[in-house]
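# Tertiary structure, described
These are the residues of each chain, in order.
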Amino acid sequence: MTTIFLITNNFLFKNEMIYFQEKNENEKKENIPLSFKGEKKASELLKIEELKKITAIYTSSFISSISSAKYLSEEKNIPIYIDERFNDQIIGILGNLSLEECKKIQQQDENHKLRNGESLNMVKLRMKNALKDILFQNCESTVAIFTHDISLNCLLSLWCEKGYSLENQLIYHYKDQVIVDGAYHATRIYKLEFEAERLKNIEWQKEKELN
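Residues numbered from 1 in each chain as written. Predicted model: local features only at pLDDT ≥ 70, side-chain atom pairs only at ≥ 80, totals over all residues. Heavy atoms only, no water.

Turning our attention to the overall build of the protein. Looking only at helices and strands, the protein features six helices and nine strands. By principal-axis analysis of the C-alpha atoms, the protein measures approximately 50 × 45 × 35 Å. Among the 211 residues that make up the protein, the fraction classed as buried is 44%. Taking the intrachain contacts of the protein between residues at least 6 apart in sequence as the baseline, contacts between residues at least 24 apart amount to 64%. For the protein, the distance from the average site of its 29 positive side-chain charges to the average site of its 32 negative ones is 1 Å. (Helix = DSSP H or I, 4+ residues; strand = E, 2+ residues; numbered from the N terminus. Buried < 20%, exposed > 50% of the residue type's maximum accessible area, 1.4 Å probe, protein only. Contact = heavy atoms within 4.5 Å. Lys, Arg positive; Asp, Glu negative; His and termini not counted. Charge placed at Lys NZ, Arg CZ, Asp CG, Glu CD.)

Shown next, in the form of structure tokens:
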């Protein structure tokens, strides 16, 4: 059995950051560090018993993702492998659309993409391929992957049934259990168990949120 932990940490530094070189929105997002709460949440991962068994750590190229992984990396004395396939979705040029309007359109049509951006299906494909490589390289091991909410949802959608809440929020069901409830969560941890490349179970490891 290979165990994969998928982890997100959205406690980001909120103060306005000024760039002296031109950067697009995706580059700015990639370089936003964790807030104090984000660092605290990342350090608290050391208390989770099952994460003490990890033998490999993978992250996106985002500073927040790497920072979330560093405590486990130092504690276990294992390297962090950076894989851009675990990056957040590249939204692209919104034009007259708001971000929320774009999200709603893409939830209804997973092939829809903006100029210079990615569709949800594009994100799903790169996440699927990255996970396949990790399963091949880490058979019978426990692995932590630090990624982002949209990318995480795209990956989970490979095995889940999609639906909507009474508030019209996107939700996912796996084996009659709600594992994406449509609400905002500052951090999320999922435990996926595989036999070779075959998924056997998904468990949402719910945590008490930091205030």
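Having seen the model, we can carry on.
Looking now at the nonpolar core. Counting 30 residues, the largest nonpolar core has Ile-4, Ile-145, Ile-179, Tyr-190 and Ile-202 as the members making the most contacts within it. At seven residues, helix H5 (residues 120-137) tops the list of elements feeding residues into this core. Dropping the residues within four chain positions of it, Ile-179 is found in contact with Leu-156, Cys-160, Tyr-172, Tyr-174, Tyr-190, Ile-202 and Trp-204. Counting residues in each nonpolar core, the second largest holds twelve residues, with Ile-54, Ile-57, Ala-69 and Leu-72 among its members. (Core = buried A, V, L, I, M, F, W, Y, C linked by side-chain atoms within 4.5 Å.)

Glancing now at the sheet that holds strand S4 (residues 142-146). Across the sheet, six strands lie side by side as S3-S2-S4-S1-S8-S9; this open sheet has mixed pairing. If you trace the sheet from one side to the other, it starts and ends with strand S3 (80-82) and strand S9 (198-204), each paired once. Pairs of neighbouring strands in the sheet enclose a mean axial angle of 25°, with direction left out of account. Of the strand pairs in this sheet, strand S2 (residues 56-59) and S3 are connected by three bridges, and their pairing is parallel. What sits directly across from Tyr-58, in S3, is Tyr-81. Contacts from H5 reach strand S1 (2-9), S2, S4 and strand S8 (187-195), with the element oriented near 140° to S1. (Pairing = 2+ DSSP bridges. Axes fitted to C-alpha atoms, helices over the stretch in contact; angles between N-to-C directions.)

The strand order across the open sheet formed by three strands is S5-S6-S7, and the pairing between neighbours is antiparallel. Only two strands of the sheet have a single partner each, and these edge strands are strand S5 (161-164) and strand S7 (177-180). Ignoring which end each strand starts from, the neighbouring axes of this sheet average 45° apart. Bridge count for strand S6 (residues 170-174) against S7 is three bridges, and the pairing is antiparallel.

Let's shift gears to unusual backbone geometry. One non-glycine residue, Glu-140, lies in the positive phi region at around 60°. Here Glu-140 is to be found in the loop between H5 and S4. Given a relative accessible area of 54%, Glu-140 falls into the exposed group. Phi is positive for Asp-176, which is not a glycine, with a value near 70°.

Time to look at the pairing of S5. In this sheet, S6 lies alongside S5 in antiparallel orientation, the contact comprising four bridges. Considered in S6, the bridge of Tyr-164 is made with Leu-170. A loop of five residues connects S5 with S6, the two strands running antiparallel in sequence, and Asn-168 in this loop sits at a positive phi of about 65°.

Our focus in this paragraph is the pattern of salt bridges. Under the criterion given, the structure shown has 14 salt bridges. As a salt-bridge pair, Lys-41 and Glu-44 come within 3.7 Å of each other at their nearest N and O atoms. Of this pair, Lys-41 and Glu-44 both sit in helix H2 (residues 36-44), three residues apart, which is roughly one turn of the helix. On the accessibility criterion, Lys-41 (6% relative accessible area) is buried. Between Glu-193 and Lys-191 there is a salt bridge; the shortest N-O distance is 3.7 Å. Lys-191 gets classed as buried once you look at its relative accessible area, which sits at 11%. Through salt bridges that share partners, Lys-40, Lys-41 and Glu-44 make up one connected network. (Salt bridge = Lys/Arg side-chain N within 4 Å of Asp/Glu carboxyl O.)

Keep in mind that these numbers describe shape and distance, not what the molecule does.
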